Amino acid sequence: EAQVTQNPRYLITVTGKKLTVTCSQNMNHEYMSWYRQDPGLGLRQIYYSMNVEVTDKGDVPEGYKVSRKEKRNFPLILESPSPNQTSLYFCASSLLGGAETQYFGPGTRLLVL
Amino acid sequence: AQTVTQSQPEMSVQEAETVTLSCTYDTSESDYYLFWYKQPPSRQMILVIRQEAYKQQNATENRFSVNFQKAAKSFSLKISDSQLGDAAMYFCAYRSAVDSNYQLIWGAGTKLIIKP
């Protein structure tokens, strides 16, 4: 089954404790992206990647890191989480091209205390 | 920069009736794509319908159709014969055909309530 998976689905952590949210897709997509969803704001892009070893900032990259060492994986790293990073996070992937549908993972609910 | 506005935070409709969700956007580009996504309580983002700006014909997917008014920069979603399973947050999104980052620009969403 074609899908985007994220882990963990739920995470409660404390300020300053490094964490990683994994994202994996099995559709051989070149493009992958991370979004955060906050009430009243819709989704905002954090980082994206056009292919292996090619990543770039989205609209809200502060406090986040990403890497793309393999085509299927695109982990999101919070080196020193803060309470303002409490949010719902989505990973998405697609083929390259503006017309291509982005497929979303199930989301990761993060609470930073 | 492009923006997407959904002016209805919440809408309700009686089961089996028709409801229209509004979306307007701002862009200086002539070529782009517009999307409606559904987010049920499971939080999964599901593509409902897609419209290419260069196509004048409005997209249709079963009970879902759009009214795309390019000059007015309006992209509304019509849901016919509403069903209980349609209850969800609905997001309108824009994507440039020329920007190389393929970023989706999102509205704030409309919560759709279906009354049985």
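See above for the structure.
The rules behind these values
Residues numbered from 1 in each chain as written. Chains lettered and ligands numbered in written order. Predicted model: local features only at pLDDT ≥ 70, side-chain atom pairs only at ≥ 80, totals over all residues. Heavy atoms only, no water. Helix = DSSP H or I, 4+ residues; strand = E, 2+ residues; numbered from the N terminus. Rg over C-alpha atoms; globule rule 2.2 N^0.38 Å. Buried < 20%, exposed > 50% of the residue type's maximum accessible area, 1.4 Å probe, protein only. Contact = heavy atoms within 4.5 Å. Areas by Shrake-Rupley, 256 points an atom, 1.4 Å probe, with all protein chains shown as cover. Lys, Arg positive; Asp, Glu negative; His and termini not counted. Charge placed at Lys NZ, Arg CZ, Asp CG, Glu CD. Disulfide = S-S within 2.5 Å. Buried area = accessible area lost by both parts, 1.4 Å probe. Salt bridge = Lys/Arg side-chain N within 4 Å of Asp/Glu carboxyl O. Polar contact = N/O pair within 3.5 Å; in protein donor to acceptor, adjacent residues only side chain to side chain.

**Considerations on the overall build of chain A**
- Assigned secondary structure in chain A consists of zero helices and eleven strands.
- Taken from the N to the C terminus, the helices and strands of chain A come in the order β-β-β-β-β-β-β-β-β-β-β.
- Against the 2.2 N^0.38 benchmark of 13 Å for 113 residues, chain A shows a C-alpha radius of gyration of 13 Å, consistent with a compact globule.
- Overall, the C-alpha framework of chain A stretches about 40 × 30 × 25 Å when taken along its three principal axes.
- Counting only residues that meet the buried cut, chain A has 52% of its 113 residues in that class.
- Considering only contacts within chain A whose residues lie at least 6 apart along the sequence, 54% involve residues at least 24 apart.
- Of the roughly 5,200 Å² that chain A leaves accessible, carbon and sulfur atoms contribute 52%.
- On chain A, the mean spot of the 12 positive side-chain charges and the mean spot of the 10 negative ones are 7 Å from each other.

**Quick look at the environment of B:A59**
- Positionally, B:A59 belongs in the loop between β6 (46-52) and β7 (60-61).
- Sequence separation between B:A59 and B:N101 is 42 residues; the distance between their C-alpha atoms is 25 Å.

**Remarks on the state of the cysteines**
- Applying the stated criterion across every chain yields a total of two disulfides over all chains.
- The disulfide partner of A:C23 is A:C91, and the gap between their sulfur atoms is 1.8 Å. Where A:C23 bonds to A:C91 through sulfur, the torsion about that S-S bond is close to -70 degrees, and the disulfide is left-handed. In this pair, A:C23 is assigned in strand β3 (residues 19-25) and A:C91 in strand β9 (residues 87-94), connecting sequence segments 68 residues apart.
- Classification of A:C23 as buried rests on a relative accessible area of 2%.
- Paired through a disulfide, B:C23 and B:C92 show a sulfur-sulfur distance of 2.0 Å.

**What about the interface of chain B and chain A?**
- Contacts between chain B and chain A engage 21 residues on the former and 28 residues on the latter.
- Carbon and sulfur atoms supply 48% of the area that chain B and chain A bury against each other, a total of about 2,000 Å² over both sides.
- Across the chain B-chain A interface, the total number found is zero salt bridges.
- Inspection of the region where chain B meets chain A yields nine residue pairs in polar contact (both at pLDDT 80 or more).

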